[in-house]
Amino acid sequence: MTDAGMGDRMPADAPLLLETLTSPDVAKLIRDQVPLVLPVGAIEQHGPHLPLGTDGFIPYEVAKRVAAGRRLIVAPPMFFGAYSRPRTGGGRHFPGSVGLPGRVLESVVGTLLADWFRQGFRNLVVLNGHFENAWTLLEAIEQGTERSSPDQKALLIHWWDQVSPDDIRRIFGESFPGWEAEHASITETSMMEYMRPDLVRTNLKADGGAQRMTTYDIFPAPADILWPNGIGYSALPASPEIGEQLVSVLVRNIGRILDEEFPGAAGA
Ligand SMILES: [Zn+2]
């Protein structure tokens, strides 16, 4: 960004991080209808090898890469998200897995979106990295857009929906286990190994899974449906090379969504 007074000391392709901007910077970006993305994750166990914040780091790091060289503001990630469930995130009994009740998450995200719309932002994006957040974020956006005007728009993007079956086949061949097994496994581990290798305990990557896989939830969850080490399938096939391919697919596809949904606003 070369506009006088903004980012003169930043590299040309540095992402616009909301917390580093000034109020006059934001006034200009709002006038220019520059979109803003809020990454939302969770503080949830991710096996012995990945950090609790994995679901926040992935959308945050992807958003920064999407924002490099294009007009997109990245808000500080929301690291706290919905409760972890045994079949999708291991469950709440793991030390460190803490979450917000749906009504609280809905209220926090809905309030922020409404406040950004009140300030004049036209184009908002919620980029989700935690499966259990999905329905609550939908309701948060409903709440946040209740008072928005017809020229204001919000998108909800789950990163895993932006990897097409063709991309999966190209990257994994026939060896992809399916998204239902993907917790702390190939995709999350690979992307963290590529984007945040400093946070991955590579020597602790392991196989995971439970004795019994159900297609329904049981309360309280019996021991045989729980993942003993917190890994849904296996982290062993993960690699930074797979991570690089997945991230490039996500950056390309999410960039394309912004260009299509916010024509003229998000272009580099
Ligand atoms: Zn995760």
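What this report covers is the structure whose coordinates are included nearby. Predicted, not measured: the structure shown is a model, and the values here were computed from it.

## A look at the nonpolar core
Consideration 1: In this structure, F172 and M191 are the most contacted members of the largest nonpolar core, which totals 42 residues.
Consideration 2: The set of elements that each furnish at least two residues to this core consists of α2 (54-67), β4 (123-128), β5 (153-158), α6 (165-172), α7 (186-195) and α8 (240-261).
Consideration 3: The element contributing the most residues to this core is α8, with eight residues.
Consideration 4: Apart from residues no more than four positions distant in its own chain, M191 is found in contact with I58, W159, R196, G243, L246, V247 and L250.
Consideration 5: Of all hydrophobic cores here, the second largest spans 25 residues; its members include L36, V40, L105 and I141.

## Some remarks on the pattern of salt bridges
Consideration 1: Inspection of every chain in the model, using the stated rule, returns 16 salt bridges.
Consideration 2: Here R87 makes a salt bridge to D217, at a shortest N to O gap of 2.9 Å. Taken together, the positions of R87 in helix α3 (residues 86-89) and D217 in the loop between α7 and α8 put the pair 130 residues apart, joining distant regions of the chain.
Consideration 3: What makes R87 partly exposed here is its relative accessible area of 30%.
Consideration 4: Taking the shortest distance from any N to any O, the salt bridge between D167 and R170 comes out at 3.3 Å. One end of the pair is D167 and the other is R170, both in helix α6 and three residues apart, which spans about a single turn.
Consideration 5: Classification of D167 by relative accessible area gives buried; the value is 6%.

The rules behind the values
Residues numbered from 1 in each chain as written. Predicted model: local features only at pLDDT ≥ 70, side-chain atom pairs only at ≥ 80, totals over all residues. Heavy atoms only, no water. Core = buried A, V, L, I, M, F, W, Y, C linked by side-chain atoms within 4.5 Å. Buried < 20%, exposed > 50% of the residue type's maximum accessible area, 1.4 Å probe, protein only. Helix = DSSP H or I, 4+ residues; strand = E, 2+ residues; numbered from the N terminus. Contact = heavy atoms within 4.5 Å. Salt bridge = Lys/Arg side-chain N within 4 Å of Asp/Glu carboxyl O.

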